[in-house]
Amino acid sequence: MNMEKNKQSNSILAGKFILLGITGGIAAYKAAELCRLFIKAGASVRVIMTPAAKEFISPLTLQTLSKHQVYDDLFAGTKRYTVEHVELTKAADLFVVAPATANTISKIAGGIADNLLMTTMLAARCPVLLAPAMNTQMYQHPALLENLRKLRAWGYHQVGPAIGELACGDTGAGKMAPVEEIFAAAGRILRQNSSWQGLKVLITAGPTREAIDPIRFITNHSSGKMGYALAEAALERGASVTLVSGPTNLEPPRGADLIRVNTAQQMYEAVLEHFDDAHIVIKTAAVADYRPAVRQKEKIKKGESLTLELVPNPDILATLGKRKKQQILIGFAAETNNLEQNALRKLKQKNLDFIVANNVTQEGAGFNTDTNQVQIFFAGGDSKCLELMSKKELAGCLLQEVDLLLKERNTTGS
Ligand code: C5P
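An account of the accompanying structure is given in this report. Everything numeric in this text was worked out from a predicted model, so none of it was measured.

**Here's the deal with the sheet that holds strand β13 (residues 280-283)**
And then number 1: Strands sit in the order β12-β11-β8-β13-β16-β17-β19-β20 across an open sheet of eight strands; the sheet is mixed. A strand with exactly one partner marks an edge of an open sheet, and here the two such strands are β12 (257-260) and β20 (383-385). In this sheet, adjacent strand axes meet at a mean angle of 15 degrees when their direction is disregarded.
And then number 2: As defined by bridge partners, strand β19 (residues 375-378) adjoins β20 across three bridges and the pair is classed as antiparallel. Along β20, the bridge assignment pairs Ile 376 with Lys 384.
And then number 3: On the sheet, helix α14 (residues 316-323) packs against β13 and β16 (328-335) and is oriented at approximately 155 degrees with respect to β16.
And then number 4: Contacts from helix α15 (residues 339-349) reach β16, β17 (354-359) and β19, with the element oriented near 155 degrees to β17.

**Quick look at the pairing of strand β11 (residues 240-245)**
And then number 1: Across the six residues that make up β11, a large majority, five, are buried.
And then number 2: Here β11 pairs with β12 via four bridges, running parallel. Each bridged residue has a counterpart across the sheet, and for Thr 242 the counterpart in β12 is Asp 257.

**Observations concerning the site of the ligand**
And then number 1: Taken together, Lys 283, Ala 285, Val 287, Asp 289, Pro 314, Asp 315, Ile 316, Leu 317, Gly 331, Phe 332, Lys 346 and Lys 350 make up the full set of residues near the ligand.
And then number 2: In the model, an oxygen atom of the ligand is placed 2.9 Å from a nitrogen or oxygen of the Leu 317 main chain.
And then number 3: With respect to the ligand, the side chain of Lys 350 contributes an N or O atom lying 2.9 Å from an oxygen atom.
And then number 4: Compared with its free state, where it exposes 440 Å², the ligand has 88% of that area covered by protein.
And then number 5: For the shell around the ligand, the elements supplying multiple residues, two or more each, are α14 and β16.
And then number 6: Across the shell around the ligand, the residue classes break down as six nonpolar, one polar and five charged.

**Things to note about the sheet that holds strand β4 (residues 128-132)**
And then number 1: As summarised here, the arrangement of the five strands in space is β2-β1-β3-β4-β5, forming an open sheet in which the pairing is parallel. Each edge of the open sheet is held by one strand with a lone partner, namely β2 (44-49) and β5 (157-158).
And then number 2: Packed onto the sheet, helix α8 (residues 116-123) meets β1 (17-22), β2, β3 (94-100) and β4 and runs at close to 140 degrees relative to β3.

**Some details on the packing of aromatic side chains**
And then number 1: Considering all chains together, one arrives at two aromatic pairs under this definition.
And then number 2: Consider the rings of Phe 38 and Phe 183, whose centres lie 5.8 Å apart with planes at 35 degrees: the pair is tilted. Linking Phe 38 in helix α2 (residues 30-40) with Phe 183 in helix α11 (residues 179-194), this pair joins segments that are 145 residues apart in sequence.
And then number 3: Judged by its relative accessible area of 2%, Phe 183 is buried.
And then number 4: Summarising the aromatic geometry, the rings of Phe 354 and Phe 378 are spaced 5.4 Å apart at their centres and angled 55 degrees between planes, so their arrangement reads as tilted. Linking Phe 354 in strand β17 with Phe 378 in strand β19, this pair joins segments that are 24 residues apart in sequence.

**Some words on the packing of helix α7 (residues 102-110) against α8**
And then number 1: One can describe the packing of α7 onto α8 by two numbers: an axis separation of 10 Å at closest approach and a directional angle of 40 degrees. It follows that α7 is oblique to α8 by the angle criterion. Crossing hand, α7 versus α8: right-handed. Between α7 and α8, the contacting residues are Thr 104, Lys 107 and Ile 108 on the first element and Leu 117, Met 118 and Met 121 on the second.
And then number 2: A class-by-class count of the residues in the contact of α7 with α8 yields four nonpolar, one polar and one charged.

**Notes on the side chain of Asp 403**
And then number 1: Considering the arrangement of structural elements, one finds Asp 403 in helix α16 (residues 391-412).
And then number 2: One buried charged residue, Asp 403, forms no salt bridge at all, with the nearest opposite charge on Arg 237 at 4.2 Å.
And then number 3: For Asp 403, the residues in contact, after removing those within four places along its chain, are Ser 195, Trp 196 and Arg 237.

**Details of the environment of Lys 107**
And then number 1: Here Lys 107 shows up in helix α7.
And then number 2: Relative accessible area serves as the criterion here: at 10%, Lys 107 is assigned to the buried category.
And then number 3: Taking the C-alpha atoms as reference points, Lys 107 and Met 118, separated by eleven residues in sequence, lie 7.7 Å from one another.
And then number 4: With near-sequence residues (within four places) excluded, Lys 107 lies in contact with Ile 112, Asp 114, Asn 115 and Met 118.

Cut-off values and rules
Counting of residues starts from 1 at the beginning of each chain's written sequence and follows it residue by residue. Thresholds applied to this predicted model are a pLDDT of at least 70 for local features of residues and 80 or more for the giving and counting of side-chain atom pairs; totals over whole chains, interfaces and linings are not thresholded and use all residues. Hydrogen atoms and water are omitted, and side-chain values are computed over all heavy atoms in the structure. A pair of strands is considered paired only if DSSP assigns at least 2 bridges between the two. Strands are runs of DSSP state E lasting at least two residues, helices are runs of H or I lasting at least four, and both sets are numbered from the N terminus onward. All axes here are fitted lines through C-alpha atoms, helices being fitted over the stretch that makes contact, and every angle between N-to-C directions spans 0 to 180 degrees. By the convention used here, residues are in contact when the closest approach between their heavy atoms is within 4.5 Å. Each residue is assigned to one of three classes by its accessible area relative to the maximum for its type, calculated with a 1.4 Å probe on protein chains only: buried under 20%, partly exposed between the two thresholds, exposed over 50%. Near, as used in this document, describes a residue that has one of its heavy atoms within 4 Å of the molecule or strand being considered. Here a polar contact is taken to be a pair of N or O atoms separated by no more than 3.5 Å, where protein atoms must pair a possible hydrogen donor with a possible acceptor and residues adjacent in sequence count only if both atoms sit in side chains. For the accessible areas, the method is Shrake-Rupley and the probe is 1.4 Å, while residue cover comes only from the protein chains on display. For this classification, the nonpolar set comprises Ala, Val, Leu, Ile, Met, Phe, Trp, Tyr, Cys and Pro, the charged set comprises Asp, Glu, Lys and Arg, and every other residue, Gly included, is treated as polar. Note on aromatic contacts: the rings of Phe and Tyr and the six-membered ring of Trp form a pair at centre separations within 6.5 Å, being stacked when their planes are under 30 degrees apart, edge-to-face when over 60 apart, and tilted otherwise. Should an angle lie under 35 degrees it is considered roughly parallel, over 145 roughly antiparallel, and from 65 to 115 roughly perpendicular; all remaining angles are considered oblique. The crossing is said to be left-handed when, going from far helix to near helix, the turn is anticlockwise and less than a right angle, and right-handed when the turn is clockwise. For this count, His and the chain ends are skipped, Lys and Arg are scored as positive, and Asp and Glu as negative. Salt bridges are identified by distance alone: a Lys or Arg side-chain nitrogen within 4 Å of an Asp or Glu carboxyl oxygen.

Following this line, the structure appears as structure tokens:
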């Protein structure tokens, strides 16, 4: 293959810091060539080997190629007064594990941290690319396939395995992808990530709470999971993210500028404050449409009956639609009936670039689930029906749609 061409097409690697994890499979010797390709493309590489990997290839080979010591000892840090696995991940732009054995893949899926590669993996917040390599029977084991599925759903990238003759003599799927393919996949991931650098993304998530009295409030079933998944996906792509969140029990995405609010009015104020600067605005929040006309100062006492007067909250998205300039504006529509009709009306009324609609009565879709099944309606008239998938995967798909809009704008200059 033509290395020069490869180097040029992956110049994105220049100046990048790559962690290369090598695990104990026969394909470990090919990691040396991969390391050489990364170095040749201008990347800085640090190699981490598992104890088993050192049985297959000498650390000295990787040390010579990477021009740095090879990291392999979980406890070496205690001698040097640094916490290696944390230090390494802070600097990394990409973590490539090639070969990734069934053992290491399953340990990642299980969150096990019993060697330096695994502790580094658990601490890592950069994108991870796995190049599985193993015997066909091992690759086809349901546990391994399930673990790979789980990792992909969490946002891990995978390249290969290829089909071919394996070291054990069997022929089938399980061969590590050719190093040139792994190298190209690394370039693609870095390119995708850097394309969002400098972009400001404003996301709203979760429900709002509208107080009736000091004890009670009106709210809805929104968990915030979709908005938080979108925030994580945008951060992974290198964007700076402001997340305006109603009350949720979720761990805030690392690196996001989190603004916690309770009421629709507070969300309105926080969003408007950040709107003018934003490039992309995604409103996943399930904002309460009404609030009590009066918030009672004292607890309302039990009685025969109670009539609450409700007044409408401001429609934040509709306001943004009117103020919109350069922003890509995306709304969500949770519906129980007439999905298409309602989504298209909101798309137009709120001046959106696209709207993500789902039927919340459908199994596995909508509020408080880990999965969602949606239809996307675009301002240009197109629509897309996506299959049931995890909210994390859906976040990736939605940001891909945003990517396409950004590219369209760049080519038309609008
Ligand atoms: O009109 P509807 O509430 O169904 O529209 C849903 C979309 O509008 C969501 O993106 C939601 O975040 C947004 N919305 C809003 N302010 C409201 C109500 C909804 O921004 N008061």
